[in-house]
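Fold and geometry: a report
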Amino acid sequence: MSSGEISPFSPLQNYKLKAYPFSPNPPGHLSDWEKHVLEFLSAAKAATYFQLCDHTRQKKKLNAMSRAGLVHKYQLQGQRNINVVSSVGFDNLDRLLRTLVFTQLVLKLKPKDVLPGSNHIHAHIVLNNVFPVLVLRHGDDPGMVPFMTNRLERVIILSETFYPEFNKIKTPCRICLDQDLLKDELTFYYPDGRRDAVARS
């Protein structure tokens, strides 16, 4: 993804959300890969096919898991259609897009655990400490971020754009942009725009 491209996790893509029929069933005999997918979705809640697999055979397995009632399946319909599977139901496109960009962070950082969030915090990831994760999407007010975060000990912010309002954040903070989440090297930024560590996936 280049700096001029719109993130696949952006509401600017103007997706329509298609939900496939879902009838839950208990799992039968599962392969190790299928177990891994279910465990991952239990933590992250949703993922696109391109986040979970590279091979056509595995994509067919995800389709089969959906038909078997093991996962929910959705399609983001836009200029490019994107298939999604999830462990929970989504009737809100905004919430799903926030979940998918969070999933990309989880894939990059491989945290020890993922904990639920509340209010403005999407979720928490457990690394050496517990980090609340705030997800901003196009249309959110970046001017509210300093107020949303001022009672936190630390925070990670996922955003499509680097906003000047970030410089007003007083809480220890690292910011990651969608375009960097989709690169091999994951770059974090300080609120003043300086680069922090670069992590290789």
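The rules behind the values
- Within any chain, residue numbers begin from 1 and follow the written order of that chain's sequence.
- Reporting in this predicted model follows two pLDDT cut-offs: at least 70 for local features of residues, and 80 or more for side-chain atom pairs to be given and counted; totals over whole chains, interfaces and linings ignore these cut-offs and use all residues.
- Side-chain measures were taken over the full set of non-hydrogen atoms in the model, leaving aside hydrogen atoms and water.
- Throughout this description, the term nonpolar core refers to a set of buried Ala, Val, Leu, Ile, Met, Phe, Trp, Tyr and Cys residues connected via side-chain atoms within 4.5 Å.
- Summary of the burial criterion: residues with accessible area below 20% of their type's maximum are buried, those above 50% are exposed, and those between are partly exposed, where the area comes from a 1.4 Å probe applied to protein chains only.
- Residues count as neighbours in contact if any of their non-hydrogen atoms are within 4.5 Å of one another.
- Only the stretch in contact is used when fitting a helix axis, every axis being a line fitted to C-alpha atoms; angles between N-to-C directions are given from 0 to 180 degrees.
- The secondary structure listing takes helices from DSSP runs of H or I that are at least 4 residues long and strands from runs of E that are at least 2 residues long, numbered from the N terminus.
- Two helices cross in a left-handed way if the nearer one is turned anticlockwise from the farther one by less than a right angle. They cross in a right-handed way if the turn is clockwise.
- Ten residue types, Ala, Val, Leu, Ile, Met, Phe, Trp, Tyr, Cys and Pro, are classed as nonpolar, four, Asp, Glu, Lys and Arg, as charged, and the remainder, Gly among them, as polar.
- Working rule for helices: expected span equals 1.5 Å times residues minus one.
- Counted as a polar contact is a pair of N or O atoms within 3.5 Å, where, for protein atoms, one must be capable of donating a hydrogen and the other of accepting one, and residues adjacent in sequence contribute only when both atoms are in side chains.
- Should a side-chain nitrogen of Lys or Arg be within 4 Å of a carboxyl oxygen of Asp or Glu, the pair is scored as a salt bridge.
- The term disulfide is used for any two cysteine sulfur atoms that are within 2.5 Å.
- Of the grid points, spaced at 1 Å and generated over the protein atoms alone, those admitting a 1.4 Å probe that cannot get out make up cavities, while open sets with protein on both sides within 12 Å along at least five of seven lines make up pockets; any residue with an atom within 4 Å of a point is treated as lining.
- Grid points are joined across faces, edges and corners, and a volume is the space filled by probe spheres set on the points.
- When DSSP finds two or more bridges between a pair of strands, those strands are recorded as paired.

**A look at the nonpolar core**
Of all hydrophobic cores here, the largest spans 43 residues; its most connected members are L62, L105, I125 and L158. Apart from the residues lying within four places of it in its own chain, the contact partners of L158 are V101, F102, L105, V133, L134, V135, L136, R137, C176 and L181.

**Considerations on the packing of helix α1 (residues 32-44) against helix α3 (residues 56-67)**
Here α1 crosses α3 at 65°, and the two axes come no closer than 11 Å. The crossing of α1 and α3 is right-handed. From α1, W33, E34, V37 and L38 reach across to α3, where they touch Q58, K61, L62 and M65. Considering only residue class, the contact of α1 with α3 consists of five nonpolar, one polar and two charged.

**Quick word on unusual backbone geometry**
Here K110, not a glycine, exhibits a phi torsion of approximately 50°, which is positive. Along the chain, K110 turns up in the loop between α4 (93-109) and β5 (113-116). The backbone of N119 shows a phi angle near 55°, a positive value even though the residue is not glycine. Counting through the fold element by element, N119 comes out in the loop between β5 and β6 (123-126).

**Remarks on α4**
Taking 1.5 Å as the rise per residue, α4 with 17 residues should run 24 Å; its terminal C-alpha atoms sit 25 Å apart, in good agreement. α4 sits mainly inside the fold: 13 of its 17 residues count as buried. Here α4 starts with a cap whose side-chain oxygen sits 2.9 Å from the backbone nitrogen of D94, and that cap is N92.

**Things to note about the pattern of salt bridges**
Oppositely charged side chains can pair when the atoms bearing their charge come close. Summed over the entire model, instances satisfying the criterion amount to eight salt bridges. Here R154 and E153 are joined by a salt bridge, their closest N and O atoms 3.4 Å apart. Sharing partners across several salt bridges, the network here consists of D94, R98 and D140.

**So, the state of the cysteines**
Using the criterion set out here, one finds zero disulfides in the structure. Cysteine C173 shares no disulfide, and the gap to the nearest cysteine sulfur, in C176, comes to 11 Å. You can call C173 buried: its relative accessible area is 2%.

**As for the layout of surface pockets**
In this structure, the largest pocket occupies an estimated 290 Å³ of space. If you go around the largest pocket, the residues you meet are H36, E39, F40, A43, Q51, L52, V106, L107, K110, P111, D113 and V114. Of all the elements in the fold, those that place two or more residues in the lining of the largest pocket are α1, α2 (49-52), α4 and β5. The leading source of residues in the lining of the largest pocket is α1, at four residues. The residue inventory of the lining of the largest pocket, partitioned by class, reads seven nonpolar, two polar and three charged.

**Comments concerning the pairing of strand β8 (residues 155-159)**
Counting buried positions along β8 yields five of five residues, so the element is predominantly enclosed. Burial along β8 is two-sided: the residues V155, I157 and S159 and I156 and L158 are all buried. The sheet contact formed by strand β7 (residues 130-135) and β8 spans three bridges and is parallel. Bridging across to β8, V135 finds its partner in L158. The sheet contact formed by β8 and strand β9 (residues 173-177) spans five bridges and is parallel. Bridged to L158 within β9 is C176.

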